[in-house]
Amino acid sequence: MDILIRNCNLISMSENRKKYEENMDIYIENGEITEISEDVTPSPGAYIIDAKNKICMPGLINTHAHLSMSIFRETLDGYSLQDWLKQKIWPMEDKLTPEDIYCASMMSCLEMISTGCTTANDQYFMAEDTIRAGIRRRS
């Protein structure tokens, strides 16, 4: 399905564009951006997103992540870093299974997608289970 994002405020990293432009349309055909300009005419049946007063920008990149650790977030406040790691986190990590890593990574991937993060460089163990969570399968 073709998609038209209409009237967005565009932040661009392209050397061929201004860095910020208002009221721009972004046209996507077959999953690829084919046109960025004002007043794009969509094909019949295109899905139109009204982005007035919204910003469209390139996806964010998390350059150092521990995706599976999201399950430990806000569970153990009030410790120094070393006490937190030695007394709490490392003993819990020793009990993690590949399925735990997969599920926690999947949750983190969904959270990143919902906040505009499109790429992550994970630094955690059991990498194959994190990779399994992040792979997009095409039918």
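Below you will find a few notes about this structure. Since this is a predicted model, take the numbers as computed values, not measurements.

## Describing the layout of surface pockets
Part 1: Estimates place the volume of the largest pocket at around 420 Å³.
Part 2: Counting only elements with at least two residues in the lining of the largest pocket, the list comes to helix H2 (98-114), strand S7 (117-122) and helix H3 (127-134).
Part 3: Of the residues contributing to the lining of the largest pocket, the split by class is 12 nonpolar, five polar and two charged.
Part 4: Within this model, the second largest pocket holds a volume of roughly 350 Å³.
Part 5: Forming the boundary of the second largest pocket are 14 residues, of which Ile5, Ile26, Ile33, Cys56 and Met57 lie nearest the centre.
Part 6: Within the residue set of the lining of the second largest pocket, elements represented by two or more residues are strand S1 (3-11), strand S2 (20-29) and strand S3 (32-37).

## A word on the environment of threonine 119
Part 1: As for its position among the elements, threonine 119 is in strand S7.
Part 2: Judged by relative accessible area, threonine 119 falls into the partly exposed class, the value being 38%.
Part 3: As for threonine 119 and glycine 134, which are separated by 15 residues in sequence, their C-alpha atoms are 9.7 Å apart.
Part 4: The contacts of threonine 119, once residues within four sequence positions are left out, are Leu60, Ile61 and Asn62.
Part 5: Side chain to side chain, threonine 119 and threonine 118 meet in a polar contact 3.5 Å long.

## Let's talk about the packing of aromatic side chains
For any pair of aromatic rings, geometry is given as the distance between the ring centres together with the angle between the planes.
Part 1: What the rule picks out here adds up to one aromatic pair.
Part 2: Measuring from ring centre to ring centre gives 4.3 Å for tyrosine 124 and phenylalanine 125, while their planes differ by 25°; the resulting arrangement is stacked.
Part 3: On the accessibility criterion, tyrosine 124 (10% relative accessible area) is buried.
Part 4: When the ring centre of tyrosine 102 is taken as origin, the NZ or CZ atom of arginine 132, which lies over that ring, is 4.0 Å away.

## What to know about H2
The α-helix winds at 3.6 residues per turn, so residues separated by three or four positions along the chain end up facing the same way.
Part 1: Taking 1.5 Å per residue as the helical rise, H2 with its 17 residues ought to reach 24 Å, and the 24 Å between its terminal C-alpha atoms agrees with that figure.
Part 2: All of the buried residues in H2 are Ile101, Tyr102, Ala104, Ser105, Ser108, Cys109 and Met112.
Part 3: Against strand S6 (60-65), S7 and H3 lie the buried residues of H2.
Part 4: Downstream of H2 by one or two residues, glycine 116 has phi in the positive range, about 95°.

## Some thoughts on the packing of H2 against H3
Part 1: Where H2 contacts H3, the axes come no closer than 8 Å and their chain directions differ by 40°. With respect to H3, the axis of H2 lies oblique. Between H2 and H3 lies a crossing whose hand is right-handed. Contacts between H2 and H3 involve Pro98, Glu99, Ile101, Tyr102, Ser105, Met106 and Cys109 from the former and Asp129, Thr130, Arg132, Ala133 and Gly134 from the latter.
Part 2: Residue classes in the contact of H2 with H3 are distributed as six nonpolar, three polar and three charged.

Conventions used here
Residues numbered from 1 in each chain as written. Predicted model: local features only at pLDDT ≥ 70, side-chain atom pairs only at ≥ 80, totals over all residues. Heavy atoms only, no water. 1 Å grid on protein atoms, 1.4 Å probe; cavity = no way out; pocket = protein on both sides within 12 Å on 5 of 7 lines; lining within 4 Å. Points joined across faces, edges and corners; volume = space filled by probe spheres on them. Helix = DSSP H or I, 4+ residues; strand = E, 2+ residues; numbered from the N terminus. Nonpolar A, V, L, I, M, F, W, Y, C, P; charged D, E, K, R; others polar. Buried < 20%, exposed > 50% of the residue type's maximum accessible area, 1.4 Å probe, protein only. Contact = heavy atoms within 4.5 Å. Polar contact = N/O pair within 3.5 Å; in protein donor to acceptor, adjacent residues only side chain to side chain. Phe/Tyr/Trp six-rings, centres within 6.5 Å; stacked < 30°, edge-to-face > 60°. Lys NZ or Arg CZ within 6 Å of the ring centre and 35° of its normal. Expected span 1.5 Å × (residues − 1). Axes fitted to C-alpha atoms, helices over the stretch in contact; angles between N-to-C directions. Parallel < 35°, antiparallel > 145°, perpendicular 65-115°, else oblique. Left-handed = near helix turned anticlockwise from the far one by under 90°.

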